[in-house]
Structures are given as structure tokens and as C-alpha cells.
Amino acid sequence: MKFGKTFAVLALLAAGLAACNAPANETATTPAASEDGVTLIIRFEASDEGLAELKGILDGVSDAMTSEAGFVSAKVYRNIDEPNIFVLEEVWTTKELHLEHYDRINQSGDWAHIKSLLVAEPQMGYYSVDTAGAE
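Residues numbered from 1 in each chain as written. Predicted model: local features only at pLDDT ≥ 70, side-chain atom pairs only at ≥ 80, totals over all residues. Heavy atoms only, no water.

## Regarding the sheet that holds strand 2 (residues 71-78)
Turning to step 1, where the next piece is worked out: Taken in spatial order, the 4 strands line up as 2-3-1-4 in an open sheet, and their pairing is antiparallel. The sheet terminates laterally at strand 2 and strand 4 (123-127), the two strands that pair on one side only. Adjacent strand axes in the sheet meet at a mean angle of 15 degrees when their direction is disregarded.
Turning to step 2, where the next piece is worked out: As paired strands, strand 1 (residues 38-45) and strand 3 (residues 85-92) are joined by 8 bridges and run antiparallel to one another. Within strand 3, the residue paired with Phe-44 across the bridge is Phe-86.
Turning to step 3, where the next piece is worked out: Across the sheet, helix 3 (residues 51-59) is in contact with strand 1, strand 2 and strand 3; its angle to strand 3 comes to roughly 20 degrees. (Pairing = 2+ DSSP bridges. Helix = DSSP H or I, 4+ residues; strand = E, 2+ residues; numbered from the N terminus. Axes fitted to C-alpha atoms, helices over the stretch in contact; angles between N-to-C directions. Contact = heavy atoms within 4.5 Å.)

See the structure below:
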């Protein structure tokens, strides 16, 4: 389960948390689409043994996800002071499209493999632009 499997896991991770309500060729790439969509933020803390593999997976997320229905973009952030901690920010057209992707990576076992590279469960949440402003 070297790079090929790792890349597949990454692709499934990025694509699987959305549902497939939109046609597969419908992916938004404009900044306006990200404001109308949903942002998924996942925090990972890699084990020392899993660090290199997780980094490889995260490095390929954007390229691996481009063909996923509803996928808009992905950014990976690495903690400057704690290099085993990563934050993955994915933008999807809908939460449902991501949830379908998430179901697929769970069923394939790829999500379990990613979790095996970590010291704790990943922290995940869905976010949208707060157009009403803070209260």
C-alpha cells in the first residue's frame, strides 16, 4: 500500500465527504462558487511513523480531487510549531456531495487507513460564509 494506494486514499478522502447530486462534470472553480458552497475543515495529527505517508497523501489532494463531483478546491496547512499537525480545507458545492465521497472512502477502507496514520481521530467540521455577520 505504497504511493498508489496512498494517492487513491487521498482522492477518496477529498471526494467522499460530498453527495453526488450534481453531474460529475460540474465542478466550480471560481471564487464566487466557494462563497456559495460549503467548506470542510479537517485537522489531522500524524504519528511519527505515519507522518511521511500522510504528508504524501495531503500533498496530492487537489490534483486527486479535480474529477470529483462538487469538488471546488483544497488547501493544506501545516503547523509551523508542531509539524505533525495538518489542517485540510476543502471547498465543495454542497455538503451532500462531500458526504457521498466520505461514504465511499469509508466503505473502501481508505478512511480507516488514513486514521491509522494518526495519533487521534481527525477533527472535522463544515463551515459556510457568515453573510449575516457576527452577533
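## Concerning the packing of aromatic side chains
Turning to step 1, where the next piece is worked out: Applying the stated criterion across every chain yields a total of 3 aromatic pairs.
Turning to step 2, where the next piece is worked out: Residues Phe-71 and Trp-92 carry aromatic rings whose centres are separated by 5.5 Å and whose planes lie at 75 degrees to one another, so their mutual orientation is edge-to-face. Here Trp-92 lies in strand 3 and Phe-71 lies in strand 2, a separation of 21 residues in the sequence.
Turning to step 3, where the next piece is worked out: Classification of Phe-71 by relative accessible area gives buried; the value is 4%.
Turning to step 4, where the next piece is worked out: Look at Trp-92 and you get buried, because its relative accessible area is 0%.
Turning to step 5, where the next piece is worked out: Seen from their ring centres, Tyr-102 and Trp-111 are 5.5 Å apart, and the 70 degrees between their planes marks the pair as edge-to-face. Accessibility assignment for this pair places Tyr-102 and Trp-111 in one class, buried. (Phe/Tyr/Trp six-rings, centres within 6.5 Å; stacked < 30°, edge-to-face > 60°. Buried < 20%, exposed > 50% of the residue type's maximum accessible area, 1.4 Å probe, protein only.)

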